[in-house]
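Analysis of the macromolecular model
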Amino acid sequence: MPNQGPSKPTASSTPTDRTPRYNPAEIEPRWQAQWDAHPELYAAEPPSSGKQKYYVLEMLPYPSGQLHMGHVRNYSIGDALARHMWMRGYNVLHPMGWDAFGLPAENAALKHNTPPRDWTLANIAAMRIQMKRLGLSYDWQREVTTCLPDYYRWNQWFFLKMYERGVAYRKKSKVNWCPECATVLANEQVIDGCCWRHERTLVEQRELEQWFFKITDYADELLRDLDKLEDWPEKVRTMQHNWIGRSEGSLVDFVVVPKEKDARAQLFEPISLNLTETLLEPEPEVVKIPVFTTRIDTIYGATSLQLAPEHPMVQEFILENGELEKKIRHLFEQQKVAREKADMAALEKKGVATGRFATNPFTNEPIPIWVANYVLMDYGTGAIMSVPAHDERDHEFAKKFGLEVKIVVLPRRAKEGEPGDAEPMLPYTGEDSLLINSGEFTGQGCQEAQQNMVAYAQKQGFGKPSTTFRLKDWGVSRQRYWGTPIPMIYCPQDGLVPVPEDQLPVLLPDKIEFSEEGGSPLSRVPGFASVPCPKCGQTARRETDTMDTFVDSSWYFYRYADPKNTHAPFDTETIAYWFPIDQYIGGVEHAILHLIYSRFWTKMMRDLGLVKNDEPVQRLFTQGMVIKNGAKMSKSKGNVVSPDDMIAQYGADATRMYALFAAPPDRDLDWQEDGVAGISRFLSRVYRFAIQTMPRVVSGRNQSLPPDYNPLERQLMRKLHQTLRRLTQEFDGRWHFNTCIAAIMEMVNDLTAEESTLQSGAVADSVLYAITRNLVLMLQAFAPYMAAELWSQMAEETPLLRTPWPAYDEALAAENTLQVPVQVNGKLRAVVSVPAGSDGDNLRATALAEPKIQTALAGKEIVKVVLLPGKLV
RNA sequence: GCGAAAGUGGCGGAAUUGGCAGACGCACCAGACUUAGGAUCUGGCGGGUAAAACCGUGGGGGUUCAAGUCCCCCCUUUCGCACCA
């Protein structure tokens, strides 16, 4: 037969072989059809089963139309776990669905003139086929598709509940605008100043009226509960911690010195109040500039006030002094550029003195007011007090612009009476220190002074404790079509009117025209925007923005537990059984976006009385990326490997198994096709061996194990139990499935090495049966098709998934002869064999009798002999 | 700059606790079977040596009978944070 390209293993290609060849192209579709016909195989039992539940979840995909290797890896991990937990006797919930709203559908509509709905549903159908081809154990009866009204109506329902409680609100504010998406983005969707979808598109700031969710109401709890999430990766917790960015400090009002008064005069001359004048002149308005600080203890060292270029007061200063305008605009531009480049650190600090002063309420002394490019309007109050002696940034700035540096904190002396540390290196930012030059607070420790000073400020009415967050409210309005319509109506008479609950869902119209121009596409749909007001019946305008798609993914996993519910998003009692999710698996790229929104949503639902859990996810696992040739797979790099190609060539079992074998699941995985071929060879060996021994395995099924194992039986049983032990421990612990698969390979290598001996009947059929049966159970998590095929050939009656996971036997796993390495001065000199259970003297004698050891010890004195039980001498 | 993780053959990786470094797989080499081999099987495979000795886990020190693993210093890579007041 001429060479015709890659040879696919087909049964007909080797007609002369006596044993059938492993042919996944034949085996896999056959079992897939079986599983399709029996969805109950993978169906979770209801809470009433009373069984211990296990909810394992992989992050639902966006239906792009194509699975990629990252998906395959993600689902292979989850599927291995789900199958294992089934065998461990749990009632396993393992669902899958589609994060089906989103911009790509609209882009596709524009490009191919296909309605987003058709495009999306076709993609879902294609990907569902791919998933089924992979043999994933999903409960398809619970499939959730977020773009269908039976799902998104509950988004709308939640929105109304949130609106009632003030958690959803509308405000005009500066928002992130991606020109590419032609829509607003949440803060979480802006990465390094660019859109999360368009890595190179700079996000613009636009002033728009938008819907927000008050996630900041939960900021404290979201932060605090991170401590409860012990089974989450430290990395994710840190990222969320940073994102929330809680900072505890104080607000202090500085009073602007009126322009008429010469600040310097006020400084040096006691103020002689002319009562008549004061009474005659109109009282000058007291203008306060609140400042946020975490170091109120250093306030006596504040030598200037620095305002953000966009600070409202700055406008007034510009009105008074036109020359300032250009300079301040310049500062603003510098800051803007730096922020867009996401590199504020590289920004050269610049500032402009306004010529005006403000009074430090603690000292009653005026300090100059500046405008600085490094002060941000959207953090704190947009104004800071500058303490050059005790803050790095302020120090740098003060030195550059010649501002006063006033030391008010000194390090504590190590021992009383010892010299030194009078002049600390500036800036000195240590907090285990003492105050000087700080009025009545002099001599107090920093921590102590912080408390006393804010209390004093509060008493005097010019300050209070305050906590600031980096986390901002979640902007959810999107000026797009393919999303959940926001169920609100604007009535000229009644104002904002929610769509009544019984009129939900607000259906997304099917007929829609797309154009390149911006604005909400729904506003151009005749008959959608115009609607009678539910209150007065007059013509009103419907909200035409849709919700951020992260709303969909914030609670989809609750719907899985009760997917067909038509009168509520889900049943609270059912949720109480299934939640929290025992194990969630996905990429670390969702550490902030999806995972923080989901946590918020759960807490919000808890406050609505819908769920009882505080957190959605008990354990989180973030798998590594799939890379190829050192780079993340991407179309632009041309290094994408298609799962379909892999399956067509090597089968789903080999593809999945390789995804688990090539690296531990938490690490990045370098995809090497030769490795998949290696797994495929391994599966072929397994298949050939199993089929060849199958008649004896089947006959061994009803025989009891021999009372005593012969040496070969003992050896094979030992390997079996060592392998079982490895798998049991890995599933319980660190999930290094790569070593599990390696262990199974070792076991199979041992079996095939003894193949001819086995054929000649050296091992009892019952032993062969025990080994093969357990081999199949172990393979099930990684190569479910192979396992199903062999299981059926063994004519087992229990469904594979419901077969209890075998407990390993420590005694059987133990070696009876130990190969003990012997070291002399830490160097390996020999390996001696001793029977298991030998005592130290015995071992020592054996070791000393070994010629190599005698050579190594020649002419030396034995100082010490170290014996380690079960290890080495 | 701060924080975290990582660095082991030609490659992916193993070595749960300080105890035989390189399991398992890929690639490669040799052989067998073949009209053929990109199929299958057998053997080899860190460097070094005729064989040993010896040297080897990013680099340098240290602790220990014993270090990939623990301690100190440094380098590199990846990730996260970064004028957050």
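Scroll up to find the structure.
So, here is what we can say about the structure in this document. If you're wondering where the values come from, they're calculated on a predicted model, not measured in any experiment.

**Notes on helix α1 (residues 24-37)**
- With 14 residues, α1 extends 20 Å from end C-alpha to end C-alpha; this agrees with the ideal 20 Å at 1.5 Å per step.
- Within α1, the full set of buried residues consists of P24, I27, E28, W31 and W35. Taken around the axis of α1, the buried residues stretch over an arc of 90°, which confines them to a single face. Those residues of α1 that are exposed and aimed more than 90 degrees away from the buried face are A25 and A37.
- For α1, the elements touching its buried residues are α18 (643-650), α19 (652-661), α20 (673-700) and α25 (784-793).

**What to know about the pattern of salt bridges**
- Following the criterion strictly, the structure yields 45 salt bridges and no others.
- E325 is the salt-bridge partner of R329, the closest N and O atoms lying 3.5 Å from each other. Residue R329 and its partner E325 are both found in helix α11 (residues 323-340); the two are separated by 4 residues, about one turn of the helix.
- Under the relative-accessibility criterion, E325 is labelled partly exposed at 35%.
- When salt bridges that share partners are traced, they join E221, D225, K228, R599, K603, R606, D607, D614 and E615 into one network.

**Some remarks on the nonpolar core**
- Formed by 187 residues in total, the largest nonpolar core has its most connected members in W474, F600, W601, W671 and F782.
- For F782, the contacting residues outside a window of four places in its chain are A80, D653, R656, M657, L660, L727, F731, F737, C740, I741 and I744.
- If you look at the next biggest cluster of nonpolar residues, it comprises 38 residues, including A358, I369, V409 and L435.

**A look at the sheet that holds strand β24 (residues 539-542)**
- In space, the 4 strands of this open sheet follow the order β22-β21-β24-β23, with antiparallel pairing throughout. Of all the strands in the sheet, just β22 (495-498) and β23 (530-532) have a single pairing partner and so form its edges. Averaged over all adjacent pairs, the angle separating strand axes in this sheet is 40°, with direction ignored.

**Considering the side chain of E106**
- Tracing the backbone through its elements, the reader meets E106 in helix α3 (residues 103-112).
- With a relative accessible area of 2%, E106 lands in the buried category.
- Not counting the four nearest positions on each side in its chain, E106 is found in contact with P116, R480, Y481, W482, F514 and P521.

**So, the pairing of strand β5 (residues 168-178)**
- Bridging between β5 and strand β9 (residues 204-213) involves 10 bridges; their strand directions are antiparallel. Across the sheet, K172 pairs through a bridge with E209, a residue of β9.
- Here β5 hands over to strand β6 (residues 183-185) after 4 residues, with A182 in that stretch at a positive phi of 55°.

**What about the packing of aromatic side chains?**
- Under the criterion given, the structure shown has 57 aromatic pairs.
- An angle of 85° between the planes, with centres 5.3 Å apart, marks the rings of F362 and F462 as edge-to-face. Remark: F462 occurs in the loop between α13 (446-460) and β18 (463-468) and F362 occurs in the loop between β13 (351-360) and β14 (365-372); sequence separation between them is 100 residues.
- When its relative accessible area of 9% is taken as the criterion, F362 is described as buried.

**Regarding unusual backbone geometry**
- The linkage connecting L504 with the following residue, P505, adopts the cis geometry, with an omega of -5°.
- Its location among the elements puts P505 in the loop between β22 and β23.
- That bond from F579 to P580 is cis: its omega, 0°, falls within 30 degrees of zero.
- Turning to its location among the elements, P580 is positioned in the loop between α16 (572-578) and β26 (581-587).
- One non-glycine residue with positive phi stands out, namely A182, at about 55°.
- Mapped onto the elements of the fold, A182 is located in the loop between β5 and β6.
- Notably, A795 is not glycine yet its phi reads approximately 60°, a positive angle.
- Looking at the secondary structure, you find A795 in the loop between α25 and α26 (810-813).

**A word on the sheet that holds β26**
- Spatially, 4 strands are ordered β2-β1-β26-β27 in an open sheet, and the strand pairing comes out parallel. Here the strands that pair on one side only, and so sit at the sheet edges, are β2 (91-93) and β27 (617-623). Strand-to-strand, the axes of this sheet are offset by a mean angle of 20°, without reference to chain direction.
- Both strand β1 (residues 53-58) and β2 contribute to a ladder of 3 bridges, which runs parallel. Residue pairing in the sheet places Y55 in a bridge with L93 of β2.
- Helix-sheet contacts for helix α2 (residues 69-87) involve β1, β2, β26 and β27, and the interaxial angle to β1 is about 170°.

**Quick notes on the environment of A568**
- Looking at the secondary structure, you find A568 in the loop between α15 (556-561) and α16.
- For A568, a relative accessible area of 18% gives the class buried.
- If sequence neighbours within four positions are ignored, A568 has contacts with W154 and R559.

**Examining the environment of E180**
- One can find E180 in the loop between β5 and β6.
- Overall, E180 belongs to the exposed group, its relative accessible area being 53%.
- For E180 and V203, which are 23 residues apart along the polypeptide, the C-alpha to C-alpha distance reads 9.1 Å.
- Excluding its chain neighbours within four sequence positions, the residues that come into contact with E180 are H198 and T201.

**Quick word on the pairing of strand β10 (residues 247-256)**
- By the criterion of burial, β10 is predominantly enclosed, with 8 of the 10 residues buried.
- As defined by bridge partners, β10 adjoins β18 across 6 bridges and the pair is classed as antiparallel. Among the inter-strand pairings, S247 is bridged to a residue of β18, identified as T468.
- The pairing of β10 with strand β11 (residues 288-293) spans 6 bridges and is antiparallel. Opposite V252, over in β11, you have V291 as the bridge partner.
- Alignment of β10 against β13, held across 2 bridges, turns out to be antiparallel. Paired with V256 across the two strands is A358, which belongs to β13.

Scoring rules and cut-offs
Residues numbered from 1 in each chain as written. Chains lettered and ligands numbered in written order. Predicted model: local features only at pLDDT ≥ 70, side-chain atom pairs only at ≥ 80, totals over all residues. Heavy atoms only, no water. Helix = DSSP H or I, 4+ residues; strand = E, 2+ residues; numbered from the N terminus. Expected span 1.5 Å × (residues − 1). Buried < 20%, exposed > 50% of the residue type's maximum accessible area, 1.4 Å probe, protein only. Arc of directions from axis to C-beta. Contact = heavy atoms within 4.5 Å. Salt bridge = Lys/Arg side-chain N within 4 Å of Asp/Glu carboxyl O. Core = buried A, V, L, I, M, F, W, Y, C linked by side-chain atoms within 4.5 Å. Pairing = 2+ DSSP bridges. Axes fitted to C-alpha atoms, helices over the stretch in contact; angles between N-to-C directions. Phe/Tyr/Trp six-rings, centres within 6.5 Å; stacked < 30°, edge-to-face > 60°.

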